[in-house]
Every structure is written in structure tokens, then in C-alpha cells.
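A look at the structure
So you can see what is in the structure, the chains are spelled out below.
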Amino acid sequence: MVAPAVPEIYEEDDLYAAIDARTESLQNLRELGPPDLVYLVKQPKRTRIARLLPAHTSFRAASLTCCYNAFSHVDMRVEVKIPGSLESYCIDERGDKRVATDSLWLETFLCGVLRAYSYADDGTGDAIKKIVGVRRFNPVTNTEMEQKFLDAAEKLFFMAITGRQLSSDPETQVPNTVANHLTSGLLKYIHTTGRYASGINLFEKLREKDVEVSSLLARVLIAADEEVQAVRLMHDALQDVPMDYALLDCQAAFCLSKGEGELALECAKRSVTAAPSEFTTWARLAEVYVFLEKWDLALLTLNSCPMFTYQDKDSPRMPPPSRVMLPILAETMLDEIDEGQPKQGDPHDYVHPSLRKLHAAGYQGTFLKAYQILTKIAASIGWDQLLKIRSDVFVMEEEYRVERQNMASKHGHSSSQNASTVALHQPSSPNPGANGNGPETDGESSNQDGDQPTEKTNGTGEKDEGHTIEKPEQTMASEVVKSGNDDPDPSHTSYTQFHNKRLCERWLDNLFMVLYEDLRVYTIWRTEMAQSKQQAVDYKKTATEWEILGELAERLHHFDEAIEAYRNCLAIRFSPKAMRGILKLYEKQGDTRGMLNALIRLIAWQYRWYSELIEEEGAVKVRSIVQATNLPQPVLDLTHHYCQLCATFRSTGSDV
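Residues numbered from 1 in each chain as written. Predicted model: local features only at pLDDT ≥ 70, side-chain atom pairs only at ≥ 80, totals over all residues. Heavy atoms only, no water.

Counting 83 residues, the largest nonpolar core has Leu299, Ile377, Trp383, Leu386, Leu515 and Trp525 as the members making the most contacts within it. At 12 residues, the largest contribution of residues to this core is made by helix α20 (residues 506-534). Composition of this core by domain shows at least three residues from each of domain 1 (168-304) and domain 2 (352-401 + 502-573). Aside from chain neighbours lying at most four places away, what touches Trp525 is Tyr539, Trp546, Leu549, Ala553, Glu561 and Ala565. By size, the runner-up hydrophobic cluster in this structure holds 57 residues, among which are Leu64, Ala70, Val113 and Leu186. (Core = buried A, V, L, I, M, F, W, Y, C linked by side-chain atoms within 4.5 Å. Buried < 20%, exposed > 50% of the residue type's maximum accessible area, 1.4 Å probe, protein only. Helix = DSSP H or I, 4+ residues; strand = E, 2+ residues; numbered from the N terminus. Domains from an automatic or database assignment. Contact = heavy atoms within 4.5 Å.)

See the structure below:
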């Protein structure tokens, strides 16, 4: 196995400042904790044998390795002094020294594996930028280590929800038995390696202790293509726990994957009833309504989603180092990656201000998921139709003010209204025109009632006769209505103009404005590109700008345009984000050779700072294609390493 290069971050002025900073940060850690820290100290020890003889220099060395235990919220440390001694202990959140027991070390081992998967980069390079000097290793490289990992997970599984808990992904409000960092890490490992049999065996044993684990087992069975067994399991488990929202959500997702929207709808509704404070249940219901093309209900459901503040991975602020050395591993030397990369001291790429202020690029957690649902609706029906449905289901600011003035004039006085006097209750039946389908509900007449042909809107509001899109009007904020200070007027029992409308949450209103800005910039880009082609003029952008435009097009579900931007970026210099986008194209086309070419370059990049493919094509074929690639042998060896891992775990296809 080729080990990653060793980064060195020097701290020459204030020894142990990094250790002190880590200790001070312990009380603020809320997730799995920061990456492990290895701290080395090398101090000269000068001695003289005689006055006239030259001084002889010897060194006194010490090392301190820190690994955070998220179960017990302590920092485990091993201190080695040369010459001297070895000592292991732990530091609690108050900075006090405690004894390191075997149980604490078991917890620390499991946290280390989970953290390794949590901090693994997705190929875009974003995770690498957040923390300087992180040396990444695959924590599980053989079946013996896998068994240790799964045994530890089995022993500590139910500890993840006791005491202060192990926290969870940002989309989960309250960590529970099946939604925490341990279950997320297990599922990620099983899916990444394809070790479904090991996962099924683990969750079957845990299910005997708690039936709620059935949802995890069902998800692994579905991934392992054991769908009949998964369906039977979900049915039986729901007899015991009929309101288990995780099981109901799993059922809804499965039905949706099979195109059974109506069945998914019933499961999703029950899941929301079972866990109304969880974002994931509402988001699933919104996805079902999008699938069923019930656009008004999709927006109303999205508006009901409980939103949570995003909690990023723990990465405590460390003191500035004296100097940094980040060597490049010799095996990753590849001319096409090196060419065009900015050198230290070079100015950054120019990026147009309009591209810098695209807020959607920074969304994470619940807001990212909600924005993805909103963009999917916009891509399906077009921006103009989306605005029409928005005004049909939400109270718009102008109409609220006009109606309020009319009511005040009618009754001879004015008063502020709170939510209870605006009659914003749910209609007994959906607004027949709110879906953009008019009186007909089969979807066939969608183009007859407001949904313009694609030649005019192109799904983004980009009209043939102009290059602008309509800016969304402001909705009436629920905060404004609910904060009225005047006493409500009992005679104002309803506002007839919007009797069946809802107040739009401010965060959703903001998403509309962010989507508008995304669409506006996208429309300008495509218009300028078209004009450049007509005039036979090169359309020039920097590599960073092409990368941003590729992400923009991908966010808006314009796959071909995203690939075009990513290719333009790669023509200037290598970009892991752009290569990741090209990889998606090859996956979509089923191009094995293209996928491997992209993977080889991404692997080489990752080693600086895939078992699914082998499952379909076979390890021998993959090795042959890799070896036939005209690239340096050390670079190819990095990819062969992953083929060997699949053989070690006996992944499907590795014996072909």
C-alpha cells in the first residue's frame, strides 16, 4: 500500500501551543471531534567533554498523539519520551487528567474509524481545503480490521444514544437509535465497500435487541438487491412499531424508487405524523409530491419543513505555525495535473462579482436539501410557472396590504392582524389551478394553463424574446403577521382574496430569491455563449469561473451545460470538481474506460493532499484497462491498490 506523504507543520516559537489550543477546544466539541494530532518535539541537548574539544550535540525527543473519544467526550493521549518513558491517559473537557481504561480505548478506536470516513473527501477537493496538513488513511484495509470495526460497533451501538449522545447528520433534529454518526458511518462503509453480507449480519443481531434497527437492516437489504426480504421485514416490523418514522420513510423511499407515487404518499404522510419535528420526513413528503407533479402541495410541504442550523465537522482553530511543509508524493506526479496549477505567490483567478455572490453554492444541511427540491420543481415546470404557483398558494405582500386596507376602510378603522385572523387554514381540497394543470388533474393539459412550451421558457425562464427572467415578488412574512401589536378586530373573520392561502416562511422566501439569482446568472451565461458562437468569437472565462458555472448548471439540473463548463475548466487546468463532474457523465453513459481515466486522475489528486465499477466489469478487465492507459506506472499503481482492496474483501466481480 502506498502511504500518503507526511505533512509537517512547524511550531518553533511557542512549544505545545497546538496541544494547549486542542485542550481548550474540548468543551466546545459537538460532533465526532477533530482529526487526530501527532505532535513531535525535538530539543537539542548540548554537552562539553573538555574545554578545548568541540561541542557534541545530542537530542531529547518527545511525541504526543491525541485522538478524540466522542462517546465519553475525552481526548485520549499517548506520550512518548526518548529517552524516557511511555504514558497513556486522557484529558476531559475541564482539562483534567484521567486514567485511560480499556473501554475508553475501544470507544476511541470506533470513533477513529468513523472520523476517517467522515473526513474523507468526496472528490471535489472541498474537505482538503478546510484543514491543513491532514494525512488520510483508509481505516479498514482487510477483513480482520473489518471484523474489529463491526465488533466494536455492535458492543457500542446503543451507547450512541445514551448520555450526551453521539450527535447526528445535520438533517436530523434529535439523534436516535437509527440516526446518529455511528449508523451513518456504518451505512457509508457498507455502501462504499459493498460488504452487504457483513452489514446484514450486524443489523440482524442488533435487531434482536431493538426492533427499531429494522429500518437500517431494510436499507442494507435493498442495497444488496434483497428487495423481497426487505419488504417482508418492513411489513413485519411495522406490526410491532406502526409509527416508526424511519421504517415508514424507508417504505416511502422504496415505493418512490419503484415509481409507485401513491403508495409512497401514504407512507410519507404517516412518517410526517410520526415525526413532525424531523426535517427528513417533511422533505420526503415534498419529494413525493414533486414526483406526483402536485406542485402546490410540494411547495406547501416544503414551507412546513423544520429547518436546523448547520453544524459542521469539528475543526478547532489552531495557532498559526512558523512554517508549513506539504510534500507531494512522488507517485502522484502527473504532468496534466501539475500544468496550469497556480504557484505560490501567483494572483488568484479573476472571478466576476456576480459569480462570487451565488449564495446557493454555500448551502449545506437542511437548506441544501430544501434548495435541491425547489430547483427540481423549477427544472420541471419552468420559472414563470413556479412563480404563478407560488402566488397561488402563498400570501403576497402587496395583496395582503391592499386587502387589509380594504377591510379597514369597510369597517372604518385599521388594526394589525395576527395569524389567527387571516384564515390561512388548509383547504378541504387542493386548489384546482395551483398545480398549473387547470381543472384537469391528469397532467395532460399542463401546457394549456400557464405552463408555456419549452421553446419559450427553456425551463429557466430564458425567453426567446429577451434575456431576463422575472424577479419574484415579496411574500407576506409570517413573522410580520404574527408580531402585530394591535388587538385583532373580531369582525375581520377572513380575507376573502386569499382565504385558502398560507404565509410563506422567510427562509423559503429567501430560497426563491437565491434561485432567482442562480437562474439570472445562468441565463446571462447561456445568452452570452450563444452570441459568441453566432459571432464566431471565443467566450473566455478563467478556470475558477468555469468551475463555478459548472456547479451552477448542475444545481439547476442542466447536466449537458455543466459538462460543457467542466470540460472548459479542464482545458485550462486540472480541477477535482470538474473531473468529478466528468466522471458523472461517464457513469451516465456506462463508459468504463472513461470512468477509469477520470478515477485514475482523481486518485492521483487525492493522494496529494470503487468497488461498484469492479462489481460490474470484473477486476481483470479493470486492471487491464488501467495498465493500458498511457500514464506513469507509479500513478497506475495507486489505482491497482483499489483493485487489490476489492480482491481482499472478495467484492463481487473481483474473482472474474
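Text resumes after the structure shown.
Right, let's get into the packing of aromatic side chains. Tallied over the full model, the rule gives 11 aromatic pairs. An angle of 80° between the planes, with centres 5.5 Å apart, marks the rings of Phe149 and Tyr189 as edge-to-face. Placement of the pair is Phe149 in helix α4 (residues 143-156) and Tyr189 in helix α5 (residues 181-193), with a sequence separation of 40 residues. In terms of burial, Phe149 and Tyr189 fall into one category: buried. One aromatic cluster is present, built from ring pairs that chain together Tyr363, Phe367, Tyr371 and Trp507. (Phe/Tyr/Trp six-rings, centres within 6.5 Å; stacked < 30°, edge-to-face > 60°.)

Take the environment of Leu511 next. As for its position among the elements, Leu511 is in helix α20. Since its relative accessible area comes to 1%, Leu511 is described here as buried. Spatially, the C-alpha atoms of Leu511 and Leu374 are 8.1 Å apart, while their sequence positions differ by 137 residues. Dropping the residues within four chain positions of it, Leu511 is found in contact with Tyr363, Ala370, Tyr371 and Leu374.

Taken together, Ile9, Val132 and Val324 make up a surface patch of nonpolar side chains, about 250 Å² in accessible area. As for its placement among the helices and strands, Val132 is situated in the loop between α3 (126-130) and α4. (Patch = residues over 30% accessible without salt bridge, like charges linked within 9 Å, V, L, I, M, F, W, Y side chains within 5 Å. Areas by Shrake-Rupley, 256 points an atom, 1.4 Å probe, with all protein chains shown as cover. Salt bridge = Lys/Arg side-chain N within 4 Å of Asp/Glu carboxyl O.)

Take the packing of helix α9 (residues 245-257) against helix α10 (residues 261-274) next. One way to put it is that α9 packs onto α10 with a least axis distance of 8 Å and a crossing angle of 160°. The orientation of α9 relative to α10 falls into the category roughly antiparallel. Both α9 and α10 take part in a crossing whose hand is left-handed. Between α9 and α10, the residues in contact are Tyr245, Leu248, Asp249, Gln251, Ala252, Cys255 and Leu256 and Leu263, Ala264, Cys267, Ala268, Arg270, Ser271 and Ala274, respectively. In the contact of α9 with α10, the residues fall into 10 nonpolar, two polar and two charged. (Axes fitted to C-alpha atoms, helices over the stretch in contact; angles between N-to-C directions. Parallel < 35°, antiparallel > 145°, perpendicular 65-115°, else oblique. Left-handed = near helix turned anticlockwise from the far one by under 90°. Nonpolar A, V, L, I, M, F, W, Y, C, P; charged D, E, K, R; others polar.)

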